[in-house]
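# Coordinates in review
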Amino acid sequence: MKSDTTERVYDIVAKIPQGKVMTYKAVAVKAGRINPRLVGVILHQNSDPQKVPCHRVVRSDGKIANGYAFGGKVAQLTRLRKEGVVFSNAGTVDLVKSSWNVA
DNA sequence: TGTGTGACGATCG
DNA sequence: GCGATCGCCACAC
């Protein structure tokens, strides 16, 4: 039962290019002014993990999601860094340089 | 159909 | 400045 809101969330996240990350808040707002929580829930229930790089979605603090650690937050951090994402500190994404804004 | 949950954010203390 | 609690809406059971 994919509502328009959920579908929009997937579309937004799927449009995040490599080397860039997006905050839950930003996605929530662009998805239709929903709550950032819903983004986490929706991504958790995502039906297309291949099209929805949840690891590119971080918290407003730039930190990696808590429950998504599919192998450890460090693993996500390493994967993101490999894509070109810049980090301010270990486990923290530099949103100033890697924040992505939907065109 | 209704209740509970949930990968966060913001505000209160 | 840090910790804890509330709120928000969609999805699963």
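Residues numbered from 1 in each chain as written. Chains lettered and ligands numbered in written order. Predicted model: local features only at pLDDT ≥ 70, side-chain atom pairs only at ≥ 80, totals over all residues. Heavy atoms only, no water.

## Some words on the protein's contact with DNA strand B
Close to DNA strand B lie 16 residues; Arg37, Val41, Leu43, His44 and Ser60 are nearest. Looking at DNA strand B alone, sugar and phosphate atoms form 40% of those within 4 Å of the protein. Arginine 37 places a side-chain nitrogen or oxygen 2.7 Å from a base nitrogen of DNA strand B. With respect to DNA strand B, the side chain of arginine 59 contributes an N or O atom lying 3.2 Å from a phosphate oxygen. For the surface near DNA strand B, the secondary-structure elements that each account for two or more residues are helix H2 (24-32) and helix H3 (36-44). With 7 residues, the single largest contributor to the surface near DNA strand B is H3. Of the residues that constitute the surface near DNA strand B, the class distribution is 7 nonpolar, 6 polar and 3 charged. (Near = heavy atom within 4 Å. Polar contact = N/O pair within 3.5 Å; in protein donor to acceptor, adjacent residues only side chain to side chain. Helix = DSSP H or I, 4+ residues; strand = E, 2+ residues; numbered from the N terminus. Nonpolar A, V, L, I, M, F, W, Y, C, P; charged D, E, K, R; others polar.)

## Quick look at the pattern of salt bridges
This model, assessed by the stated rule, comprises 3 salt bridges. Among the ionic pairs, arginine 8 bridges to aspartate 4, the shortest N-O distance being 2.0 Å. Residue arginine 8 and its partner aspartate 4 are located together in helix H1 (residues 4-14), separated by 4 residues, close to a single helical turn. Judged by relative accessible area, arginine 8 falls into the partly exposed class, the value being 36%. Exposure remark for aspartate 4: the relative accessible area of 47% places this residue in the partly exposed category. Residue lysine 15 pairs with aspartate 11 through a salt bridge whose shortest N-O separation is 2.7 Å. (Salt bridge = Lys/Arg side-chain N within 4 Å of Asp/Glu carboxyl O. Buried < 20%, exposed > 50% of the residue type's maximum accessible area, 1.4 Å probe, protein only.)

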